[in-house]
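Geometric and topological summary
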Amino acid sequence: MERRPRFAPNILITGTPGVGKSTICKILYERTKYTWREVSKLAEEFNCLDEYDPEYHCPVLNDDKMLDIMESMMEKGGNIVDYHGSEFFPERWFDGVFVIRTNNTILYDRLVARGYSGKKLEDNIQCEIFEVLLEEAQNSYKADIVRELQNNTQEQLLANVETIIEWIEKWKEDNL
Ligand code: DAT
């Protein structure tokens, strides 16, 4: 089946919890009016959470069900998808993948402020130190669509938003 072209790009904003994905997505949403898809919220809304993981104190995502539900949402483009993972999405969904990064001492403070502690806190810090989400994105998408953005300070936050907006403009020039 031939795919129809998108009228706007689909973007994935990924990274370890606490790196600033939702902060960036919220500003992008306000600037672009693209649809902000928070996968964790969609999973709750559409009942895609399965059994509870006792180690991490969080429910487990039913990947297949979530993908089925998202498929039609992604078709036309103009989506900003926000999730701490990238490999379970079909590669064809995304035109640009942005991996948000944060220095681990800054991330530690952000996660403590969010109420994380113990194993959950340590595991997320390790995840950032070992670049797990960056590697996952690099292994799942073509190198030329994956971009890493450092997000430690307010200045970087604003610069990152501008970078993504400029990327969108360039995509439109090249594809529309
Ligand atoms: P995520 O959606 O990746 O879990 P978030 O957007 O909720 O992260 O951000 C976590 C916290 O960090 C939140 O209190 C906002 C703050 N934050 C995000 N980006 C920042 C930045 N560039 N500079 C300072 N604080 C930032």
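These numbers come from a predicted model, not from an experiment.

With that settled, consider the overall build of the protein. When helices and strands are counted, the protein shows seven helices and seven strands. Principal-axis analysis of the C-alpha atoms places the extent of the protein at approximately 50 × 40 × 30 Å. For the protein, the share of sequence-separated contacts (at least 6 apart) that also reach a separation of at least 24 residues comes to 76%.

So, on to the environment of Glu91. Residue placement: Glu91 occurs in the loop between strand 5 (79-83) and strand 6 (96-101). Taking the C-beta count within 10 Å as the criterion, Glu91 has 12 such neighbours and is therefore assigned exposed. Taking the C-alpha atoms as reference points, Glu91 and Asn47, 44 residues apart in sequence, are found 24 Å from one another. Look past the residues within four positions of Glu91 in its chain and what remains in contact with it is Ser140 and Tyr141.

What follows concerns the site of the ligand. What surrounds the ligand is a group of 14 residues, the closest being Gly20, Lys21, Ser22, Thr23 and Leu157. Where the shell around the ligand is concerned, the elements lending two or more residues are helix 1 (21-32) and helix 7 (154-175). Residue composition of the shell around the ligand, by class: three nonpolar, nine polar and two charged.

This part is about the confidence of the model for the protein. Residues at a pLDDT of 70 or more form 97% of the protein, whose mean pLDDT is 95. Of the two predicted TM-score estimates for the complex, the pTM is 0.96 and the ipTM is 0.99.

The strand order across the open sheet built from five strands is 2-5-1-6-7, with neighbouring strands paired in parallel fashion. In the strand order of this sheet, the two ends are held by strand 2 (35-38) and strand 7 (146-150), each with one partner. Taken over all neighbouring pairs, the strand axes of this sheet differ in orientation by 20 degrees on average, direction set aside. As judged from the four bridges shared by strand 1 (residues 11-14) and strand 6, these two strands associate in the parallel manner. Its bridge partner being in strand 6, Ile11 is matched across the sheet by Gly96. Running at roughly 170 degrees to strand 5, helix 1 makes contact with strand 1, strand 2, strand 5 and strand 6 of the sheet.

Calculation notes
Residues numbered from 1 in each chain as written. Predicted model: local features only at pLDDT ≥ 70, side-chain atom pairs only at ≥ 80, totals over all residues. Helix = DSSP H or I, 4+ residues; strand = E, 2+ residues; numbered from the N terminus. Contact = placed C-beta atoms within 7 Å. Buried ≥ 20, exposed ≤ 12 C-beta atoms within 10 Å, placed from the backbone. Near = placed C-beta within 6 Å. Nonpolar A, V, L, I, M, F, W, Y, C, P; charged D, E, K, R; others polar. pLDDT = per-residue confidence, 0-100. Pairing = 2+ DSSP bridges. Axes fitted to C-alpha atoms, helices over the stretch in contact; angles between N-to-C directions.

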